[in-house]
Each structure stands twice: as structure tokens, then as C-alpha cells.
Amino acid sequence: MTDGSRMHRADAVPADFAAAVFTFARRRVAADTGPGGLPLGEPRSASEITAALGPSITAGGIGADETLRRFVDVLEPACLSVDHPRYLAFVPSAATEIAILGDLVVSACSIYGGSWLEGSGAVWAENEVLAWLAQLAGLPAGAGGCFVSGGTIGNLSALVAARGAATRRIATRPERWAIVSGDAHSSVATAAAVMDADLIAIPGERLTGETLAPVLAEYAGRVAAVVATAGTTNLGVVDDLDSIAEVCAAAGVWLHVDAAYGGAALAAPSARHRFAGIERADSFIVDPHKWLFAPFDCCALLYRDPAGARTTHAQHASYLGILNDGDDWNPSDYAVHLSRRARGLPVWFSLAAHGTAAYTAAIEQCLETARSAARLVEAAPHLELVREPELSIVAFRRRGWSEADYRQWSERLLLSGAGFVVPSADADGPMLRVCIVNPRTTPDDVAAVLTTLA
Ligand SMILES: *Cc1c(COP(=O)(O)O)cnc(C)c1O
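Below is a short write-up of the structure. What you are looking at is a predicted structure, and each value in this text was computed from that prediction instead of being measured. (Residues numbered from 1 in each chain as written. Predicted model: local features only at pLDDT ≥ 70, side-chain atom pairs only at ≥ 80, totals over all residues. Heavy atoms only, no water.)

**A few points about the environment of H256**
Working step 1: Take H256: it is sitting in strand 5 (residues 255-258).
Working step 2: The spacing of H256 and W177 is 79 residues in sequence and 15 Å in space, taken between C-alpha atoms.
Working step 3: Once you skip the residues sitting within four places of it in the chain, H256 turns out to touch N155, A158, L159, V226, V227, A228, S283, F284 and I285. (Helix = DSSP H or I, 4+ residues; strand = E, 2+ residues; numbered from the N terminus. Contact = heavy atoms within 4.5 Å.)

Encoded structure:
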């Protein structure tokens with residue numbers, strides 16, 4: 001006999017299950033990161049995990065308690081703790097406890113975040129966060145956008161909107177669109193490939209108006225957008241936005257600023273001057289899941305002219321007519337998506353609860369830790385600083401080491417649980433970089449990692 005409502009009945013959940021989930025989540029979220037506390041985690045091979053668990057998905061189900069046990073005992077330890085203070089690779093993430101609890105609430109409420117009709121309260125709160133970001137950047141009051149899953153979709157959506165605006169402006173479409181950038185993130189190449197456009201990447205660590213101008217002249221009539229990066233992922237360099245904006249304005253070309261990692265530093269007085277010119281952007285993105293203390297996945301996408309972006313992105317169908325016919329603010333209309341989680345709400349919870357001054361303090365602390373780390377590198381005879389950090393990425397070399405040396409060291413460091421740093425490279429060869437977006441990371445954490453390089 002089948003009972004199709006069995007899973008949705010209140011008695012489908014064992015009595016203590018919710019309490020067990022909350023206890024686990026609370027313990028994890030507030031994890032003591034000191035010795036013997038939150039482990040860094042360790043990747044496991046698929047066969048190790050299979051051996052530990054066997055199949056979990058069966059016709060009859062293994063029950064809630066056993067499912068949670070499998071996650072807590074086997075699966076979670078096989079995931080790195082991205083918020084661990086010694087996780088310094090790639091771009092880490094350190095969500096506040098309130099943001100994480102806010103995320104839990106978002107899941108509990110079954111909110112559809114795509115339209116004003118269905119999610120007005122959530123969309124209102126997301127828009128309050130977007131307005132704060134727009135104001136930090138100095139965009140005009142009419143600016144707006146939405147939250148998407150990450151910088152990759154944010155960049156793609158902005159560039160598609162840029163191409164839409166260019167298409168509407170010109171008489172004849174070029175045979176192939178071009179996107180012009182400096183040392184842009186790999187997702188910009190992906191966006192160009194998805195759009196079947198050419199990516200013209202101008203070499204050099206920092207893009208300036210001077211290097212951009214001749215390229216725009218060469219590709220005149222073909223350029224859908226210029227992508228400037230405010231905080232490159234490898235070295236944390238902020239392109240010269242002011243001169244770039246000047247050249248874009250003169251050429252009538254859309255300026256997109258990719259601040260996925262670095263944009264948080266707009267809230268930091270000690271770094272704000274590096275972003276001069278961002279107020280002239282036609283679009284920009286920042287990932288709160290990177291340095292604005294929100295859980296994955298969360299990217300804020302803002303347009304100077306949201307109406308134009310809406311013309312490009314809004315989906316049309318008979319079953320959507322009721323959403324599109326009015327002037328409602330539908331987040332779905334501003335990116336390559338339709339159904340969406342209200343993923344900006346966790347940011348709103350934390351920002352509202354703690355206040356913007358706490359964000360400024362937390363971001364400044366990361367910048368300060370990065371400056372201390374640079375001094376530690378300079379003081380170590382076996383290390384060489386690649387460049388003075390502009391934001392919170394510190395790049396350096398171990399004198400005399402090959403790429404293989406870096407790789408072996410990185411693997412040993414992770415297996416020992418002492419830290420997570422992976423090798424990268426710049427024009428001069430292999431190097432290491434640490435990225436500090438976790439206010440719990442101290443100069444001592446960095447020092448402990450650097451010691452292992454002696
Ligand atoms: C991380 C990053 C991205 C991609 O963001 P995801 O959220 O990982 O998709 C894009 N641009 C820059 C500059 C980044 O640092």
C-alpha cells in the first residue's frame with residue numbers, strides 16, 4: 001500500500017532529529033578554531049567514502065538518524081572547512097553566524113525569490129543590501145540588480161546585458177563581438193565563450209586607460225564591453241578604474257567592473273581610494289560569499305541602468321505574463337536565471353544585525369593581517385615578496401623552489417592539518433599566495449604556515 005504523504009507528515013521525522021540537526025549545526029557554526037577545535041578537513045577518495053558508507057540511497061530509506069550520522073561522521077569531515085583560519089588558498093569564505101542562521105531561515109520558509117509577487121518581503125530586503133553596495137560604489141540612486149549564484153553567472157549576465165545594450169544602440173551588428181579585459185578572472189573567458197565572442201585580454205598586471213585606448217580603437221564597432229577587475233584573483237590588483245572609465249566613456253563602450261573578490265574593500269577606508277572611478281561603471285559584481293561574510297552561494301550584480309538589463313534578461317511566456325506586465329521589481333529579470341533562492345537574505349540578516357561599521361572593521365582587519373603577512377615574508381630570508389599587497393592577497397616565492405617543490409609542500413601542509421595554501425604563478429614563475437578574507441585569521445596563523453617553508 002502506498003502512502004504518498006508519508007514523508008510530509010509531522011511524524012515522518014524522528015522525535016529528536018531536529019534537535020540533533022540544530023545541535024550539530026550550532027556546534028559547527030560556532031566551532032572553536034583553536035587547537036583541537038574545528039579541523040581543516042581532508043579530501044578523501046571516492047573509494048574511501050564508498051568503503052565507509054556503502055550505498056545510502058535505497059528503496060526503503062536508511063532513516064533520518066542514520067542519514068545524519070553518515071553526514072556527520074563521514075561526509076562532512078571529507079569537506080574542507082573553508083572558514084578555517086588557516087584556509088588561505090583560492091578565495092576563502094567566512095560567513096558570520098547570523099548570516100548562516102539567516103540562510104537556514106530562508107530554507108525553512110520556502111521563499112521563491114524570482115518575483116516581487118511571490119517574494120516581495122525577501123526581495124525588498126535583498127534590494128536594501130544592493131542599495132548599500134550601490135551607495136558604497138557611488139552608483140546613482142536608480143542603480144539596481146539582483147543576487148546570483150556567483151561571480152561567474154554575475155559576469156556572464158552583465159556582459160550579456162552589455163551586448164544587448166550595444167545591439168540596440170548600433171545599426172549593424174559586428175560579425176563577432178569582442179570583450180576587452182586586462183588580467184580578468186577565468187570566468188570572463190567562459191562568458192565570452194558562452195556568448196561566442198572574442199576575449200581580447202590585454203597583458204599586464206594592471207589595466208589602465210592608456211593601454212586600453214589603442215585596443216578599443218583597433219576593435220572599434222565590435223566591443224560589447226570592457227571588463228575591469230577590482231581585485232584580481234591572483235594578485236589582488238585593482239585596475240585603474242578612473243582612466244579606464246574615461247576611455248570607455250569616450251568610446252561609448254559599456255564598463256563592467258568585476259569586483260567579485262575585492263569589492264568588499266569598498267567598505268574599508270584604507271583601501272577605498274583604489275576604487276576611484278567605479279562610480280562610472282555600467283555594471284559591477286561583488287561576491288558576498290567571498291569577503292562579505294555570507295554563506296555560499298551569493299553574488300551581488302548591479303546595473304547603472306536596470307531597465308536596459310531587464311529588456312535583455314526578462315523571460316516572456318504566457319504563464320509568466322502576470323509577473324511581467326507590471327512595473328514590479330522581479331530579480332529574475334536581471335540575470336540568466338528564473339527560479340532563484342533569496343540568496344541575498346542571509347547578507348541582509350547579518351548586515352542588519354551587526355551594522356555596516358562591523359563590516360568595515362572586519363574587512364579592515366583582514367587588510368591589516370595581509371599587511372602584517374607581507375612584513376613577515378619580507379623578514380624571512382628564504383622568502384621573497386612578489387609585490388606589496390593592494391588588498392588582502394599576499395603573493396610570495398620560496399627562494400630556489402620549483403613548481404614540484406611547491407606542490408609537495410602544499411600537499412604535506414594540508415595533510416598535516418596545519419594549513420591550506422596552493423601554488424599559483426605569475427609572469428616570473430611559480431609562487432604562493434595567501435588570501436585573507438577571514439577576520440579570525442591572525443598574523444600568527446600566517447607565521448605558522450610560513451615557518452613550514454624554511
Ligand atoms: C572568484 C572570482 C570570480 C568568480 O566567482 P564565482 O563566485 O567563483 O563564480 C570572478 N571574478 C573574480 C575577480 C573572482 O575573484
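From this point, the narrative continues.
**Section: the packing of aromatic side chains**
Working step 1: Here the structure, examined in full by the defined rule, presents 10 aromatic pairs.
Working step 2: Between W329 and Y334 the ring centres are 4.4 Å apart and the planes differ by 15°, which places this aromatic pair in the stacked class.
Working step 3: Arranged with centres 5.6 Å apart and planes meeting at 75°, the rings of W401 and Y406 form a pair that is edge-to-face.
Working step 4: Given the relative accessible area of 22%, W401 is considered partly exposed.
Working step 5: An aromatic cluster of at least three residues, connected via ring pairs, comprises Y87, F90 and F420. (Phe/Tyr/Trp six-rings, centres within 6.5 Å; stacked < 30°, edge-to-face > 60°. Buried < 20%, exposed > 50% of the residue type's maximum accessible area, 1.4 Å probe, protein only.)

**Brief notes about helix 5 (residues 116-137)**
It helps to recall that an α-helix has 3.6 residues per turn; residues three or four apart then point in one direction.
Working step 1: Spanning 22 residues, helix 5 covers only 25 Å between terminal C-alpha atoms, well under the ideal 32 Å at 1.5 Å per step.
Working step 2: The largest bend along helix 5 reaches roughly 55° and is located at A122.
Working step 3: When we look at burial in helix 5, the residues that qualify are G119, A122, V123, A125, E126, V129, L130, W132, L133, A134, L136 and A137.
Working step 4: Residues of helix 5 that are buried in the fold lie against strand 1 (144-148), strand 6 (283-286), strand 7 (299-303), helix 13 (345-354) and helix 14 (356-379).
Working step 5: One or two steps after helix 5, the chain reaches G138, where phi turns positive at roughly 80°. (Expected span 1.5 Å × (residues − 1). Bend = angle between axes of the 7 residues up to and from the residue.)

**Here's the deal with the site of the ligand**
Working step 1: Of all residues adjacent to the ligand, which total 15 residues, the nearest are G151, T152, D258, D287 and K290.
Working step 2: One nitrogen or oxygen atom from the side chain of D287 is found 2.7 Å from an oxygen atom belonging to the ligand.
Working step 3: Relative to its unbound accessible area of 380 Å², the ligand is 86% covered by the protein chains.
Working step 4: Sorting elements by how many residues they give to the shell around the ligand places helix 6 (residues 151-169) first, with three residues. (Near = heavy atom within 4 Å. Polar contact = N/O pair within 3.5 Å; in protein donor to acceptor, adjacent residues only side chain to side chain. Areas by Shrake-Rupley, 256 points an atom, 1.4 Å probe, with all protein chains shown as cover.)

**Structural notes on a nonpolar patch on the surface**
Working step 1: Together, F22, L101, L104 and V105 make up a nonpolar patch on the protein surface, roughly 330 Å² of accessible area in all.
Working step 2: Among the elements that make up the nonpolar patch, the one with the highest residue count is helix 4 (residues 97-108) (three residues).
Working step 3: Mapping V105 onto the fold places it in helix 4.
Working step 4: The class for V105 is partly exposed, based on a relative accessible area of 35%. (Patch = residues over 30% accessible without salt bridge, like charges linked within 9 Å, V, L, I, M, F, W, Y side chains within 5 Å. Salt bridge = Lys/Arg side-chain N within 4 Å of Asp/Glu carboxyl O.)

**Some details on the sheet that holds strand 4 (residues 223-229)**
Working step 1: The strand order across the open sheet formed by seven strands is 1-7-6-5-4-2-3, and the pairing between neighbours is mixed. Each of the sheet's edge strands pairs with one partner strand only, and the pair in question is strand 1 and strand 3 (198-201). For this sheet, the mean angle separating the axes of adjacent strands, direction not counted, is 20°.
Working step 2: Where strand 5 and strand 6 come together, three bridges link them in parallel fashion. Counterpart to H256 in the pairing with strand 6 is S283.
Working step 3: Sheet strands in contact with helix 6 are strand 1, strand 2 (178-181), strand 4, strand 5, strand 6 and strand 7, and its direction is about 15° off that of strand 7. (Pairing = 2+ DSSP bridges. Axes fitted to C-alpha atoms, helices over the stretch in contact; angles between N-to-C directions.)

**What about the state of the cysteines?**
Working step 1: Scanning the entire structure with this criterion turns up zero disulfides.
Working step 2: Free of any disulfide, C146 has its nearest cysteine sulfur in C299, 8.4 Å distant.
Working step 3: C299 takes part in no disulfide bond, and the closest cysteine sulfur, belonging to C298, lies 7.6 Å away. (Disulfide = S-S within 2.5 Å.)

**With respect to the pattern of salt bridges**
Working step 1: Considering all chains together, one arrives at 28 salt bridges under this definition.
Working step 2: For E246, the salt bridge is made with R280, and the minimal N-O distance between the two is 3.0 Å. With E246 in helix 9 (residues 241-251) and R280 in the loop between strand 5 and strand 6, this residue pair connects regions lying 34 residues apart in the sequence.
Working step 3: Judged by its relative accessible area of 30%, R280 falls in the partly exposed class.

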